[in-house]
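# Remarks on the overall topology
Here is how the chains run, residue by residue.
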Amino acid sequence: MRTPSIYSQDDPISAALKPSATETDQERIARLEAEAEAKRISEQIDDDLREERERLRRRKGDVKLLLLGQAESGKSTLQKQFQLMYKPNSLDQERASWTTVVYFNVVHSLKHILSILESWDDSLEGVNDEPSSSRRGNGFDQSATPSPMEGSPIDEATGTLQIANLRRRLSPLIATDEQLANRLSGGITVSGSGKGSVFVRSGWQARTIENALGRIKKKPSADPEQVSRASVEEPHDPLVKEVGRMLQLCEADIHELWNHPIVKSLMTKRKLKLDEWSEFFLRHIHRVAAPDYIPSTDDILHARIQTMGVAEHTFDVNLHGKNVTWHLFDVGGARGQRHTWVPYFDDANAIIFVAPVSAFDQYLEEDPRTNRIDDSLQLFTQICSNALLKNVHLVLFLNKTDILRAKLERGLRVKKYITSFGDRSNDYETVVQYFRAHFLQVHRKNNENRRVLYTHFTSVVDTKATQRIIGNVRDSIFRGYLQSAALV
Ligand SMILES: Nc1nc2c(ncn2[C@@H]2O[C@H](COP(=O)(O)OP(=O)(O)OP(=O)(O)O)[C@@H](O)[C@H]2O)c(=O)[nH]1
Ligand SMILES: [Mg+2]
């Protein structure tokens, strides 16, 4: 007996597609699978259309909020904080897909450290001719050289040998960098991604899960903050599993490299500069390399992946019993991405401009001659003076204050990078107020409509503080929103 199919008996197209009478069992199984898939896609299209109609219906009266700012300023991290606040379950559902990002961040950081060390240890020859008896059987070599004592002085030859051994033992792990990047980007490379970082489009989490991680079953968790093996199953993607296994085997080597006196010394001399997320995950390597690793919320907030184009996120925000849908647009901040912003300026209610004040000693990836604070100020000038945005509620986040504080405590001098800072005191308060004054000045000079600029000093990886500020911003946006609604 033939299994019922989706083809109707009297539809002429169905009749034409009807299975042949001589269909084999194998062909029948393949056909039924294809039909089930076609049905799933068709239902998905219906769902999408329904959602779109619903979205348009509700759009009237919705709030449209844009997150703008240069690359690495913290826009997507701020978006995650909105998600945590208004749609916590959704972050929980995509938790497994962040494993790939965290692994990529670790592998890419190691690759960067080793490439900087290359010039240092290239000078010593013959270190690769070690006897094979010092190798482990699983593809990872075991060095016969003693481990360096953290922070203890070592002679150059010993140090070079240790690094060469670490490089060899870590090479299988480093080799996965490109595959992980491809997994996340779907094979799309973007020119100008200087550090070899990965750009992802909106909805990458679902695509990573569907296309690569295989099916991940999740049980809804009552407490979204609670991470347990029961709430998120281990990813099925063989690549991610393999990288996880390698990390587990290499944990001691990664720890050794990260704490190696040569690495520490290059960092102190600022010949090796690591991004904040690299330091974060290397510091937590014991947890990240554990066999049952699942990214914590803090890990997700620290994970770095560049936004490509514009990603829309919607949240239902309730205030005084009124439910309003917020559309939050998170844009890619790299110079090559900024042209995608303008179509979204129309009808925007509010902007949060994110400027990383810790970046005074950094230069743009896209243009290494431009200081990142300068670029933020230029970009802010363009936003303040844009005619399409002249009535928009404007909020400024002077972000990464935690990193600024740490840099100043380490003795970095602002004057060295921003000469106009002059002989002012190099303490945190003076520095943040100095930067704030520059942004306020840009705003004042480009403020025909005499609108208010709301400024906040933020560290958007700090959930408690950021959620308080989001509540504050929400209230001020709502006040403007209600006033304009009253005028209609
Ligand atoms: N310590 C610290 N890290 C931060 C802060 N804000 C952002 N980060 C980190 O900085 C990195 C870049 O943040 P993103 O939110 O991805 O930056 P973005 O503005 O979305 O960048 P693009 O998508 O390239 O435009 C991430 O690793 C974040 O965890 C902060 O206030 N403090
Ligand atoms: Mg982003």
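Remember, it's a predicted structure, so these values are computed and weren't measured experimentally.

Each value, and the rule that gives it
- Residues numbered from 1 in each chain as written.
- Chains lettered and ligands numbered in written order.
- Predicted model: local features only at pLDDT ≥ 70, side-chain atom pairs only at ≥ 80, totals over all residues.
- UniProt positions renumbered as here; feature names shortened; annotations may be inferred.
- Helix = DSSP H or I, 4+ residues; strand = E, 2+ residues; numbered from the N terminus.
- Buried ≥ 20, exposed ≤ 12 C-beta atoms within 10 Å, placed from the backbone.
- Contact = placed C-beta atoms within 7 Å.
- Core = buried A, V, L, I, M, F, W, Y, C linked by C-beta atoms within 7 Å.
- Domains from an automatic or database assignment.
- Near = placed C-beta within 6 Å.
- Nonpolar A, V, L, I, M, F, W, Y, C, P; charged D, E, K, R; others polar.

### Description of the UniProt feature "binding site: GTP" (unreviewed entry) in the protein chain
Per the UniProt record, the feature "binding site: GTP" (unreviewed entry) sits at Leu301, His302, Ala303, Arg304, Ile305, Gln306, Thr307, Asn399, Lys400, Thr401 and Asp402. Taken along the chain, the residues just named run across 102 residues; in space they spread out, the farthest C-alpha pair reaching 22.8 Å. Counting through the fold element by element, Ala303 comes out in the loop between α13 (297-302) and β3 (306-307). For Ala303, a count of 22 C-beta atoms within 10 Å corresponds to the buried category. Among all residues touching Ala303, those that are not within four sequence positions of it are Trp98, Val101, Val102, Asn105, Trp277 and Pro295. Mapped onto the secondary structure, Asn399 falls in strand β7 (residues 393-399).

### Digging into the environment of Thr297
Along the chain, the position of Thr297 falls in helix α13. Taking the C-alpha atoms as reference points, Thr297 and Leu84, 213 residues apart in sequence, are found 9.0 Å from one another.

### A word on the nonpolar core
Counting residues in hydrophobic clusters, the biggest one holds 83 residues, and the most contacted among them are Leu67, Tyr103, Leu247, Ile351, Ile352, Phe353 and Ala355. Counting residues per element, this core draws most heavily on helix α5 (residues 95-121), which supplies 10 residues. Mapping this core onto the domain boundaries places at least three of its residues in each of domain 1 (64-89 + 309-487) and domain 2 (96-302). Dropping the residues within four chain positions of it, Tyr103 is found in contact with Leu180, Val240, Val243 and Leu247.

### Quick word on the site of ligand 1
Around ligand 1, a shell composed of 25 residues is seen, among which Gly74, Ser76, Arg304, Thr307 and Gly333 lie nearest. In terms of residues, the shell around ligand 1 owes the most to one element, helix α3 (residues 75-86), which gives three residues. Looking at side-chain class alone, the shell around ligand 1 contains seven nonpolar, 12 polar and six charged residues. There are two domains that each give the shell around ligand 1 at least three residues, and those are domain 1 (64-89 + 309-487) and domain 2 (96-302).

### Overview of the UniProt feature "binding site: Mg(2+)" (unreviewed entry) in the protein chain
Per the UniProt annotation, the sites labelled "binding site: Mg(2+)" (unreviewed entry) are Thr307. Mapped onto the fold, Thr307 is located in strand β3. The buried category is assigned to Thr307, around which 23 C-beta atoms lie within 10 Å.

### Here's the deal with the environment of His320
Of note, His320 is situated in the loop between β4 (310-319) and β5 (322-331). A tally of 6 C-beta atoms within 10 Å means that His320 is categorised as exposed. Taking the C-alpha atoms as reference points, His320 and Leu282, 38 residues apart in sequence, are found 44 Å from one another.

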